[in-house]
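Residue-level listing of the chains:
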Amino acid sequence: GNEGMPKDAAFWQFLYLIFCKMHDERSPRDRRQFWAGPTEQFEAAGQQAIQKRIGKLFTEVKQAHKGVFRGNEEISLSRRALAFIVSELAKYEFTRTDVDAKGAAYQEIVGTNLRGDRGQYFTPRGPIKLVVKMLDPKEHERILDPACGTGGFLVATLAHMMERFRKEEDVQPETENTAEFESLNTRLRRFANNHVFGCDFDPFLIRATQMNMVMAGDEGGHLYHINSLEFPNGHLEGLAQAKKEIPFGSIDVVITNPPFGSEIPITDPHILNPFELAHVWEPIESGGFRNTGRIQGSVAPEILFIERCMHWLKPGGRMGIVLPDGILGNPAAEYIRWWILRNAWVLASIDLPVEVFIVEANVNILTSLLFLKKKSVKAIHQQDLGAAKDYPVFMAVAENVGYDRRGNKQYKRSPEGDELIQEVETKESIRVNGRNIIRTLKRKQKIVQDDLPTIAERYLEFRKQHPEPEV
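Residues numbered from 1 in each chain as written. Predicted model: local features only at pLDDT ≥ 70, side-chain atom pairs only at ≥ 80, totals over all residues. Heavy atoms only, no water.

Asks: Explanation requested: the overall build of the protein chain in the structure shown.
Replies: When you go through the protein chain residue by residue, the secondary structure sums to 16 helices and 12 strands. In terms of C-alpha radius of gyration, the protein chain reaches 24 Å, essentially the compact-globule figure of 23 Å for 471 residues. In terms of overall dimensions, the protein chain has a C-alpha envelope of 85 × 55 × 40 Å along the principal axes. For the protein chain, buried positions account for 48% of its 471 residues. (Helix = DSSP H or I, 4+ residues; strand = E, 2+ residues; numbered from the N terminus. Rg over C-alpha atoms; globule rule 2.2 N^0.38 Å. Buried < 20%, exposed > 50% of the residue type's maximum accessible area, 1.4 Å probe, protein only.)

Next up, the structure:
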């Protein structure tokens, strides 16, 4: 507010300092540089000392994260502003902060400072958590977001895996000791470094995702600046590494919210030509469709992303994708639905209310979450020969997502209109006379009117009764 910087410039300065803080926390306590003495921020000499310490730290950060930084970045805040921010951030231990909490904080900062006219970058946290919980990625699986934006799906995947690790090792976040914490984080870092991948066309968003992943505990690798719709062709600098690390048919789980809309069509024939869904299809007597071989003049990107995600999946791989409702309902899109049903099993379809993207991205559009499982070549051949079997599909409609169109929180109410209250029990660790004491607190709080967690639970119950096809 006092620096006269535009929002995006201030945003990057703030993230540089977060990087410095995360880097500093990996050093022994007696060698840490990210701190401010009681009076330093108010004195010229103290402000200069803080600037010198942070400058040294930032040089180390750029050396340690050459994939994130080009090397010419600078912390250009005034000494006064720098000292103030350092003194505020120094109060917190980011490494010991829950992954989900850091993801929420980061998304809040990003949504406030990088949001422009391209709201497709910002997927709301509610649907993100729903998709990850329903797909339930495993520790051995490779996860990809080919339109990663600021990394919301990837960080939610890390939070999901940390929750899984804690359950497996019977560790509670409120009571874990340092050895348990380090063991869990080493396991999470190993998973992130070997199994989590992201791509985006926008280099600024790749950097934003890298910073988000570093905050979550990753090293910020396996993020590629490429055009996913052009892959494995293209010219961007991430292409060579992506071709080596994420070839088609190598991914177990794809999770994405692709850019969509008729305002940003794909018209380049070199991009369109490899896609079946970029061609003109005509109905045939048997009820299916035939590819005429003619390329359409323009195709909405979300249509191509459906097929591209299928390219990346292994047979039996799963995907969750955010799509405009038109693809699932418009008569003109029937050939797309036929193509999907031929090449994949539909695991689930979730209708989302318009509030989801109005509040988070200022986009007035009805969307759905579509969950698919890629068929093997054998299964497609059996279907073509008339040997396909019916299977149950999970469907749900979310009417409430916890807030109204203005972003105001919505709470559950009684038939008389009174807000319902529930008692929540939490545990926290406090230090008394040199010993950690666990105390249990009971608080009363209002119940958020949000259907998404219930839908996730119902889906998991559904899968216990109805296993996925071809399992």
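Asks: Help me understand the environment of E263 in this model?
Replies: Mapped onto the elements, E263 comes out in the loop between strand 4 (251-256) and helix 10 (269-272). Note on E263: relative accessible area 66%, which makes it exposed. Spatially, the C-alpha atoms of E263 and P301 are 9.9 Å apart, while their sequence positions differ by 38 residues.

Asks: Can you walk me through the packing of helix 11 (residues 301-312) against helix 13 (residues 334-343) in this structure?
Replies: When two helices pack together, their arrangement is given by the angle between the helix axes and by the axis-to-axis distance. Two elements in contact, helix 11 and helix 13, have axes separated by 11 Å at closest approach and are oriented at 10°. As judged from the angle between their axes, helix 11 and helix 13 are roughly parallel. Where helix 11 approaches helix 13, its residues I303, I306, E307 and M310 are matched on the opposing element by I336, W339, I340 and N343. Counted by class, the contact of helix 11 with helix 13 contains 6 nonpolar, 1 polar and 1 charged residues. (Axes fitted to C-alpha atoms, helices over the stretch in contact; angles between N-to-C directions. Parallel < 35°, antiparallel > 145°, perpendicular 65-115°, else oblique. Contact = heavy atoms within 4.5 Å. Nonpolar A, V, L, I, M, F, W, Y, C, P; charged D, E, K, R; others polar.)

Asks: Looking at this model, I keep getting lost on the packing of helix 6 (residues 152-168) against helix 7 (residues 178-195). Mind explaining?
Replies: Contact geometry for helix 6 and helix 7: axes closest at 10 Å, N-to-C directions at 140°. With respect to helix 7, the axis of helix 6 lies oblique. Handedness of the crossing formed by helix 6 with helix 7: right-handed. Residues T157, L158, M161, M162, F165, R166 and E168 of helix 6 form the contact with helix 7, whose participating residues are L184, N185, R187, L188, F191 and A192. (Left-handed = near helix turned anticlockwise from the far one by under 90°.)

Asks: Would you mind going over the environment of R342 with me for this structure?
Replies: Counting through the fold element by element, R342 comes out in helix 13. Sequence separation of R342 and D390 is 48 residues, and the distance between their C-alpha atoms is 13 Å. Within the local environment of R342, its side chain forms a polar contact with the side chain of D384, the two groups lying 2.7 Å apart. (Polar contact = N/O pair within 3.5 Å; in protein donor to acceptor, adjacent residues only side chain to side chain.)

Asks: Is there a simple way to explain the state of the cysteines in this structure?
Replies: Defined simply, a disulfide is a covalent bond joining two cysteines at their sulfur atoms. Counting across every chain of the model gives 0 disulfides. Unpaired in terms of disulfides, C199 finds its nearest cysteine sulfur in C148, a separation of 6.8 Å. On the basis of relative accessibility, which here comes to 0%, the residue C199 falls in the buried class. Free of any disulfide, C309 has its nearest cysteine sulfur in C199, 10.0 Å distant. (Disulfide = S-S within 2.5 Å.)

Asks: Explain helix 13 to me, please; I cannot follow it from the model alone.
Replies: Note on helix geometry: an α-helix contains 3.6 residues per turn, so any two residues three or four positions apart are oriented the same way. Every buried residue of helix 13 is accounted for by Y335, I336, W339, I340 and N343. Viewed along the axis of helix 13, the buried residues span an arc of 140°, placing them on a single side of the element. (Arc of directions from axis to C-beta.)

Asks: Would you mind showing me how to read the pairing of strand 8 (residues 344-352) here?
Replies: Taking burial as the measure, the 9 residues of strand 8 include 8 buried ones, the bulk of the element. As paired strands, strand 8 and strand 9 (residues 367-374) are joined by 8 bridges and run antiparallel to one another. Paired with V346 across the two strands is L372, which belongs to strand 9. Here strand 8 pairs with strand 10 (residues 394-397) via 4 bridges, running parallel. Paired with I350 across the bridge in strand 10 is A396. (Pairing = 2+ DSSP bridges.)

Asks: What is the right way to look at the packing of aromatic side chains in this model?
Replies: Taken as a whole and assessed by the stated rule, the structure comprises 10 aromatic pairs. Consider the rings of F11 and W12, whose centres lie 5.1 Å apart with planes at 70°: the pair is edge-to-face. Of the two residues, F11 and W12, both sit in the buried class. Taking the centre distance of 5.5 Å and the plane angle of 80° together, the rings of F248 and W312 count as edge-to-face. (Phe/Tyr/Trp six-rings, centres within 6.5 Å; stacked < 30°, edge-to-face > 60°.)

Asks: What exactly am I supposed to notice about the sheet that holds strand 1 (residues 143-145) here?
Replies: Strands in a sheet are paired, the pairing made by backbone hydrogen bonds, and the direction either parallel or antiparallel. Read from one edge of the open sheet, 8 strands run 3-2-1-4-7-9-8-10, paired in mixed fashion. Two strands bound the open sheet, and with one partner strand each, they are strand 3 (223-225) and strand 10. Pairwise comparison of adjacent strand axes, ignoring direction, gives a mean angle of 15° for this sheet. In terms of strand pairing, strand 4 meets strand 7 (residues 313-324) through 5 bridges, oriented parallel. What sits directly across from V254, in strand 7, is M319. Along the sheet face, helix 6 touches strand 1, strand 2 (196-200), strand 3 and strand 4 and points at about 170° away from the line of strand 2. Along the sheet, helix 16 (residues 452-465) contacts strand 8 and strand 10; its crossing angle with strand 10, the most-contacted strand, is approximately 165°.

Asks: What should I look at first to understand the pattern of salt bridges in this one?
Replies: Side chains that differ in charge, positive against negative, can pair when their charged atoms come close. Following the criterion strictly, the structure yields 20 salt bridges and no others. Ionic pairing is found between E168 and R187, a salt bridge with its closest N-O pair at 2.5 Å. Here E168 is found in helix 6, whereas its partner R187 is found in helix 7, with 19 residues between them in sequence. Under the relative-accessibility criterion, E168 is labelled partly exposed at 49%. One network of salt bridges, with partners in common, ties together E139, E168, E169 and R187. (Salt bridge = Lys/Arg side-chain N within 4 Å of Asp/Glu carboxyl O.)

Asks: What is the right way to read the side chain of D200 from this model?
Replies: As for its placement among the helices and strands, D200 is situated in strand 2. Of the residues examined, D200 reaches a relative accessible area of 7% and is grouped as buried. A distance of 2.9 Å separates a polar side-chain atom of D200 from the backbone nitrogen of G149. A polar contact is formed between the side chain of D200 and the backbone nitrogen of D202, at a distance of 3.0 Å. If we ignore the near neighbours within four places in the chain, the residues touching D200 are A147, C148, G149, L205, I206, Y224, H225 and I226.

Any link to function would need more than the numbers given here.
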